[in-house]
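# Summary of structural features
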Amino acid sequence: MKFYISTTGIKRVTILNGGAVAGAAGGPTARRFSHRTVLPAVLILAIVLPFLFVRIALLLLDSASVCTSSFDCVGWNYFRGSDTSMLTDELMRVLMEANERGAIDDGGIEGSPTSFSDLVQDVTSQRQDLKAFALKTKAMLVKMERKVRSARYHESIYWNLASHGVPKSLHCLCLKLAEEYAVNSIARSRLPPPEFVSRLSDPSFHHIVLLTDNVLAASVVISSTITNSIYPGKLVFHVVTDKKTYTPMHAWFATNSIESAVVEVKGLHQFDWSYEVNKGVKKMLEIQRSIWSHYYDKFRQTEFELEGGSYERYMEALWPSCLSLMNNLRIYIPELFPELDKIVFLDDDVVVQHDLSSLWELDLDGKVIGAVVDSWCRDGQGDHCCKGRKYKDYFNFSDPIIASNLEYDRCGWLYGMNVFDLEAWRRTNITKTYHQWLKLNLDSGMGLWHPGALPPALLAFDGHMHPIDPIWHVAGLGYQPPEIGQEILKTAAVIHFNGPAKPWLEIGFREVRSSWTKHVNISNILIRKCRVMG
């Protein structure tokens, strides 16, 4: 290819292929560019190229100066021909720096964006660098975490308050029954009838003890036990209640008589206890009230935001059951029933689903109490075995007294369905040991164990407990959420609604509540008048 420029004046440029030179007329293979076309193009390039050079130089210098922590590094990396890995590394670096940085002040947290859209708009509108983006993200997450903790705190407060109250329907039922006791002679009839009194101390019968001030709950326990019993005629129920609840409790079982089993209702005011027992009970209640006052004051003085869910422990200590005389009298069962040798103890928040007759035939191997160690696992294996029920979950092992007497990973047994050998109990000093631990905990500033009735019982019965098959007792149906499988729930002999969500409350869980409500006597006229079942 050759270029030829006319010497007579730059009027045209001729490009020849194959070495041929074209004249003014040009050949068939010639391509001509008029000066009218070339000159404007040259002028445009002369103007644009210097501007582009200067602009690119400025961009490169600007990007290089702020590349360590700026979104403009995208441009720098683009001109360098690198990929997005450098931006990813830079983002990881600033996130690590934000994580290692100390706590953000409250002003920064409160002023942080409330949503991801706000975060993006804030960062892009102000063209902030990666470091500012990371800090704003951290502040936003901290703010959200606080809101979640606050919501959980309020939920727990309201949930526990709901568990403390007595539903209007149950209050109505007690008032109607008390009125019935006053005007109806049948409601005041003797329990049990004279012909069955001899069974109350007969060891050949199956004796079940309930300590309760809840009429409806007691009726469900007894009804479910009789319904599922193979030998209901051998059952003798000993219901112990306080003076306030005695008349409605007596009226209920007197007017809703059970032909097959025997029911005894006895008020605490009807017991003739020795001076030592009365003194011990009074002292125990004083200690429990001191513990309650301690946690109440601590709960009021504690900051609103509490870490690690410690407020739940405070509220558990404030449960009415912690001050309930009926709940604390378990440790005095041998004194309550001096003529009995072996009994099955049931809490008032249980439902019996299968026959219990085999419990009286269990050999406790000389131990005092038979209890389920854990109803969540079999043969002590599995990830859920003793979950939340080990000694470390009940006791403060930083205290040398606890650390020297207990095993950290040992599983605690369940209260609520227990077999007691009262004859073996009377040969021990369990009740005295229970009082000693209560006093020791009080003297140590309530620091030996977390609130609850079980920790001191674990200490008092240490070495006197015989484990029984887990299928006898499944607990935890009153806690949120109940994570018990349906197969275990159906095969359990006794299901226990321990926890705040009792089945007679509105906060009871519908998934398991039907197991309890089906034993409520909805044919009773007072149940219908008081709309106990809604």
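Scroll up a little and you will see the structure.
As the structure is a computational prediction, the values presented were derived from the model and not from experiment.

### Side note on the nonpolar core
Counting 65 residues, the largest nonpolar core has Leu216, Phe237 and Phe253 as the members making the most contacts within it. Considering every element that reaches this core, the biggest residue donor is helix H8 (residues 215–227), with 8 residues. The residues contacting Phe253, other than those within four sequence positions of it, are Leu191, Ala218, Ser219, Ile222, Val263 and Val265. The next biggest cluster of nonpolar side chains, apart from the first, holds 51 residues, and it includes Trp273, Ala424, Leu448 and Met465.

### Comments concerning the pattern of salt bridges
Applying the stated criterion across every chain, the model contains 5 salt bridges. One salt bridge in this structure joins Lys439 and Asp443, with 3.0 Å as the shortest N-O distance. Note that Lys439 and Asp443 are positioned in helix H18 (residues 430–443) at a spacing of 4 residues, about one turn of the helix.

### Quick word on empty space enclosed by the protein
Counted under the stated rule, the structure contains 2 cavities of 30 Å³ or more. What the second largest cavity holds in volume is close to 60 Å³. The class makeup of the residues in the lining of the second largest cavity is 5 nonpolar, 2 polar and 1 charged.

### A word on the sheet that holds strand S8 (residues 350–352)
Read from one edge to the other, the open sheet built from 3 strands follows the order S8-S13-S12, with strand pairing classed as mixed. In this open sheet, the two strands that pair with only one neighbour each are S8 and strand S12 (473–474).

### Section: the sheet that holds strand S5 (residues 235–241)
Judged by pairing direction, the sheet is mixed, and its 7 strands sit side by side in the order S6-S5-S4-S7-S10-S9-S11 without closing on themselves. Sheet topology places strand S6 (262–267) and strand S11 (465–468) at the edges, where each strand pairs with a single neighbour. Along the sheet, successive strands turn relative to each other by an average axial angle of 25°, direction set aside. As paired strands, strand S4 (residues 206–211) and strand S7 (residues 342–346) are joined by 2 bridges and run parallel to one another. Across the sheet, Ile208 pairs through a bridge with Val344, a residue of S7. Across the face of the sheet, H8 comes into contact with S4, S5, S6 and S7 while running at roughly 170° to S5.

### Comments concerning the layout of surface pockets
Where empty space is left becomes clear once a probe the size of a water molecule has been rolled over the atoms. The volume enclosed by the second largest pocket comes to roughly 430 Å³. Looking at the second largest pocket, it is lined by 22 residues, and the ones nearest its centre are Leu200, Glu264, Lys266, Leu336 and Glu339. Of all the secondary structure elements, the ones that give two or more residues to the lining of the second largest pocket are helix H9 (243–255), S6 and helix H14 (333–336). Examining the composition of the lining of the second largest pocket, we find that 3 residues originate from one element, S6, more than from any other. For the lining of the second largest pocket, the residue count by class is 12 nonpolar, 4 polar and 6 charged.

### Looking at the packing of aromatic side chains
Summed over all chains, the structure comprises 10 aromatic pairs. For the pair Tyr391 and Phe395, a centre-to-centre distance of 5.4 Å together with 55° between the ring planes defines the contact as tilted. The exposure classification of Tyr391 matches that of Phe395, with both residues buried. Centroid distance Phe420 to Phe461: 6.2 Å. Interplanar angle 40°. Geometry classified as tilted. Pair noted here: Phe420 is in strand S10 (residues 417–421) and Phe461 is in the loop between helix H19 (454–460) and S11, with a separation of 41 residues, a long-range link. Using a relative accessible area of 1% as the deciding quantity, one classes Phe420 as buried. Over the face of the ring belonging to Phe271 we find Lys266, whose NZ or CZ atom lies 4.5 Å from the ring centre.

### Topic: the state of the cysteines
Here the structure, examined in full by the defined rule, presents 1 disulfide. Across the disulfide, Cys172 is cross-linked to Cys530 (sulfur-sulfur distance 2.1 Å). Judged by the sign of its S-S torsion, about -70°, the bond between Cys172 and Cys530 is left-handed. With Cys172 in helix H7 (residues 168–183) and Cys530 in the segment after helix H22 (525–529), this pair connects stretches of sequence that are 358 residues apart. On the accessibility criterion, Cys530 (6% relative accessible area) is buried. Free of any disulfide, Cys174 has its nearest cysteine sulfur in Cys530, 9.0 Å distant. With a relative accessible area of 25%, Cys174 lands in the partly exposed category.

### Considering helix H21 (residues 510–517)
Every buried residue of H21 is accounted for by Val512, Ser515 and Trp516. One side of H21 holds all its buried residues, which, seen down the axis, span an arc of 95°. Close packing links the buried residues of H21 with H8, S8, helix H20 (486–491) and strand S13 (494–496).

### A few points about the pairing of S10
The element S10 is largely enclosed, with a buried count of 4 among its 5 residues. As paired strands, S7 and S10 are joined by 5 bridges and run antiparallel to one another. Residue pairing for S10: Ile343 is matched across the bridge by Phe420. Direction of pairing for strand S9 (residues 369–372) relative to S10: antiparallel, over a ladder of 2 bridges.

### Regarding unusual backbone geometry
Cis geometry marks the peptide bond from Leu191 to Pro192; its omega dihedral reads -10°. Structurally, Pro192 is set in the loop between H7 and S4. Phi is positive for Met446, which is not a glycine, with a value near 60°. Positionally, Met446 belongs in the loop between H18 and H19. Classification of Met446 as buried rests on a relative accessible area of 10%. For Arg531, which is not glycine, the phi torsion reads 50° and is therefore positive. Counting through the fold element by element, Arg531 comes out in the segment after H22. Arg531 gets classed as exposed once you look at its relative accessible area, which sits at 64%.

Criteria and thresholds
Residues numbered from 1 in each chain as written. Predicted model: local features only at pLDDT ≥ 70, side-chain atom pairs only at ≥ 80, totals over all residues. Heavy atoms only, no water. Core = buried A, V, L, I, M, F, W, Y, C linked by side-chain atoms within 4.5 Å. Buried < 20%, exposed > 50% of the residue type's maximum accessible area, 1.4 Å probe, protein only. Helix = DSSP H or I, 4+ residues; strand = E, 2+ residues; numbered from the N terminus. Contact = heavy atoms within 4.5 Å. Salt bridge = Lys/Arg side-chain N within 4 Å of Asp/Glu carboxyl O. 1 Å grid on protein atoms, 1.4 Å probe; cavity = no way out; pocket = protein on both sides within 12 Å on 5 of 7 lines; lining within 4 Å. Points joined across faces, edges and corners; volume = space filled by probe spheres on them. Nonpolar A, V, L, I, M, F, W, Y, C, P; charged D, E, K, R; others polar. Pairing = 2+ DSSP bridges. Axes fitted to C-alpha atoms, helices over the stretch in contact; angles between N-to-C directions. Phe/Tyr/Trp six-rings, centres within 6.5 Å; stacked < 30°, edge-to-face > 60°. Lys NZ or Arg CZ within 6 Å of the ring centre and 35° of its normal. Disulfide = S-S within 2.5 Å. Arc of directions from axis to C-beta.

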